[in-house]
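Results of the structural survey
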Amino acid sequence: MEGLVLCPANHVPLTPLSFLERAAFVYRKKIGLIHGNISYSWEELHGRCVKLASALSQLGVSSGDVVAVVAPNVPAHYELHFGVPMARAILSTLNTMLDAATLAQKLQLLEAKIIFVYSDFIGLVLQALIILQEKDKPYHIVLIHENNNVKEPPVSSSVPSKILDYETIVEMGQPNFKIVYPKNEFDPISINFTSGSTGKPKGAVYSHRAAYLNAIADIFRYEMGKSPVFLWTVDMFRCNGWCLPWTVAALGGTNICLREINGKEILDAIYLHNVTHFCGAPMILTKIANAIDTNQPLLPHQVNVTVAGILPPREILTKMEKLGFNINHAYGMSEALGPMISMPWKFQDDFSKPNEDVNVKIREGVHNIMMEEVDVKDPESMKSVPADGKTIGEIMFRGNALMMGYLKDPSRTEEAFEGGWYRTKDLGIKYANGNIKLKDRAVDVVKSEGKTISTLEIEGVLIRHPMVLEVAVVARLDDVLGETPCAFVKLKKGCFVTDEEIIKFCEDWLQDYMVPKAVIFGDLPLNSTGKIQKFILRDKANKALKLCLGCNSVRELHTPSS
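Rules used in this analysis
Sequence order as written defines the numbering, with residues in each chain counted from 1. Owing to the predicted nature of the model, reporting of local features is limited to residues with pLDDT of at least 70; listing and counting of side-chain atom pairs is limited to 80 or more, with chain, interface and lining totals taken over all residues. Side-chain calculation: all heavy atoms of the structure are included, whereas hydrogens and water are not. Patch membership is restricted to residues that have no salt bridge and whose relative accessible area is over 30%. Joining uses 9 Å for like charges and 5 Å for the nonpolar side chains Val, Leu, Ile, Met, Phe, Trp and Tyr. We get accessible surface area from the Shrake-Rupley algorithm with a probe of 1.4 Å; when it comes to residues, only the shown protein chains can shield them. We count a salt bridge whenever a side-chain nitrogen from Lys or Arg sits within 4 Å of a carboxyl oxygen from Asp or Glu. A residue counts as positive if it is Lys or Arg and as negative if it is Asp or Glu; His and the chain ends are not included. For the purpose of locating charges, the reference atoms are NZ of Lys, CZ of Arg, CG of Asp and CD of Glu. Only runs of H or I of at least four residues qualify as helices and only runs of E of at least two qualify as strands under DSSP, and these elements are numbered from the N terminus. When DSSP locates at least two bridges between a pair of strands, those strands are taken to pair. Every angle, taken between N-to-C directions, lies between 0 and 180 degrees, and every axis is a line fitted to C-alpha atoms, over only the stretch in contact when it is a helix. Residues count as neighbours in contact if any of their non-hydrogen atoms are within 4.5 Å of one another. Two N or O atoms form a polar contact when they lie within 3.5 Å of each other; inside protein one atom must be a possible hydrogen donor and the other a possible acceptor, and for residues adjacent in sequence the pair counts only when both atoms belong to side chains. Confidence scores labelled pLDDT are given residue by residue by the predictor and lie between 0 and 100. Only buried residues count toward a nonpolar core. Its members are Ala, Val, Leu, Ile, Met, Phe, Trp, Tyr and Cys residues joined through side-chain atoms within 4.5 Å. Buried residues are those whose accessible area, probed at 1.4 Å on protein chains only, stays under 20% of the maximum for their type, while exposed residues exceed 50% and partly exposed ones sit between those limits.

Let us now look at a negative patch on the surface. Taken together, the side chains of Asp378, Glu380, Glu414 and Glu418 define an acidic patch exposed on the protein surface. Take Asp378: it is sitting in the loop between β17 (373–377) and β18 (393–398).

Next comes the structure, spelled out in structure tokens:
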């Protein structure tokens, strides 16, 4: 139509930096962040982030440079989510549980200009830099510490790094620094590494646009009303804390930072600060449940909690619901900026009839408002599978809240987006009402005598056993059937049960072909993000003699008679 134009008045690049600008104006004196005895208003947070951006500029950081962070959920980590992109740089928050070799690998890929490090992890970072052996490249390292407790970092002549202090850096910044907004909303704002549960970790690159849209989607996804009080139990290094640093700023809420995550501290913080929301891995539910006293008072109001991963046993969920928690379960991945599909977990007495689908942990629900399409497709023909709740296909996404691609890896980026959809490599089914249900990872399913068996469904039954703490099921090669399920079980402390009893328990609830043909007890191998490394378990399951995990005896796998 004539007379219509795109101009600076009606086309401003989307960026979550605008959320902080607005919060500093609308919620000026309102407390935006609390950590122990430290508290900042939104006006103060904005001022600190502006000075941080100015300091980064003085240190030579410019457009496109990467700034890495190795830190827990402390105020500095939150501020870096704004200060770094304000300087037109790209933020990469790294897992604090990595070993030095893996950290070195990621730093080499990032080519970070500056590394911000919490004091507890300075030794780890220096070890990683020594491994890199880039002796001619000086690194700026900024040390983050708390309560004026500055630890003297180890010195190594192998790394010509200049170690600076975080608060000193902030104070050297200019308060009138002009924030540099992206010229293009598709410019990168951050790089987040995948967990590597299905292969070599990859750096997923997020754009300002995707981060902005996903942060808004969080408001609906987590049922956040006006001025939420958000407790930081999800790591900020996981998909930029599921984009929630930007969401809380958009709503002018209050961030409650915790240095250590344990059940008692979470409960104490909820009562003290009137927390309304928190998120993270399902293990936080177990930690909270174990910390609940016999005479624990009910929560002052409903607290919304969203977790992504394998849910703990039902008794833990019901215990928390009775106290006042509203539990939601989500499904997503780094490439989708965190959870993309979610639904409430509601107590149902559905574990009463044999052979019914009782696994509440895999009822994922529907996609969020900023993901245009989620479908289950045949990966070869790319046709949608029937919405019959039975036909298995690959879960795929299309929308604006997806990564731009993998850092320096065009071939894997092309593979991930082949056919115009993001291919999750997760198998699922869909129902007539639009709900998507995760069945399994494509690499994890058991193919037995022409049947496809979901390891998640077997795990969902096993975790209901009163003596089982953790479980993982993998495929074991079989000369006759092709593959059969093999269960790895970690029991609760002080409990004992035989493999025959575990198998009998499964026989009561599963069809015969789904019942594990072998059970091995012991600890489960986890990667740095806490995910079970099933490839290790598959290797163990396919050896003739198995070493009992957690003990010193060797025995043959138990195979029940038919």
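Alright, that's what it looks like, and here's the rest.
This brings us to the sheet that holds strand β24 (residues 468–478). Here three strands make up an open sheet; going across it, the order is β24-β25-β26 and the pairing mixed. Looking at strand neighbours, the two that pair on one side only are β24 and β26 (518–521), the edges of this open sheet. Averaged over all neighbouring strand pairs, the angle between strand axes comes to 25°, with direction disregarded. Contacts from helix α15 (residues 499–507) reach β24 and β26 within the one sheet, and its direction differs from that of β26 by about 125°.

As a further point, take the side chain of Glu335. Its place among the elements puts Glu335 in the loop between β14 (325–333) and β15 (338–344). Of note is the side chain of Glu335, whose polar atom sits 2.6 Å from the side chain of Tyr406. Apart from residues no more than four positions distant in its own chain, Glu335 is found in contact with Thr194, Lys202, Leu402, Met403, Tyr406 and Tyr422.

This part covers the confidence of the model for the protein chain. In this model, the protein chain carries an average pLDDT of 87, and 88% of its residues clear a pLDDT of 70 or more. Scored below 50 in pLDDT, residues 347–363 shows 46 contacts in the model against residues more than four places distant or in partner chains.

The next point concerns the sheet that holds β18. Pairing is antiparallel across the open sheet formed by four strands, whose spatial order is β17-β18-β20-β21. Two strands close off the open sheet at either side, each with one partner strand: β17 and β21 (436–441). Neighbouring strand axes in the sheet, compared pairwise and without regard to direction, differ in orientation by 45° on average. Pairing analysis gives five bridges linking strand β20 (residues 422–430) to β21, with the strands arranged antiparallel. Bridge pairing in β21 links Asp426 to Arg441.

What follows covers the nonpolar core. Formed by 118 residues in total, the largest nonpolar core has its most connected members in Tyr78, Phe116 and Phe397. Once residues within four sequence positions are removed from consideration, Phe397 is found in contact with Tyr331, Met333, Ala336, Met340, Ile341, Met371, Glu373, Val374, Leu402, Trp421, Tyr422 and Thr424. Grouped together as the second largest cluster of nonpolar side chains are 27 residues, Leu267, Val275, Ile288 and Leu299 included.

Our focus in this paragraph is helix α5 (residues 122–132). Residues spaced three or four apart along an α-helix point in a common direction, a consequence of the helix completing one turn every 3.6 residues. For α5, the full list of buried residues reads Ile122, Leu124, Val125, Leu126, Ala128, Leu129 and Leu132. Tucked inside the fold, the buried residues of α5 contact β3 (66–70), α4 (100–110), β5 (114–118), β6 (140–144) and β7 (162–165). Following α5 by one or two positions, Gln133 has its phi on the positive side, about 55°.

Let us look at the pairing of β17. Across the five residues that make up β17, a large majority, four, are buried. As paired strands, β17 and β18 are joined by five bridges and run antiparallel to one another. Looking at β18, one finds that Val376 is bridged to Ile395.

Quick look at unusual backbone geometry now. Residue Ser227 is not a glycine yet carries a positive backbone phi of 50°. Relative to the helices and strands, Ser227 is located in the loop between α7 (208–221) and β10 (229–231). Given the relative accessible area of 24%, Ser227 is considered partly exposed. The residue Asn274 is not glycine, and still its phi comes out positive at about 55°. Mapping Asn274 onto the fold places it in the loop between α10 (263–273) and β12 (277–280).

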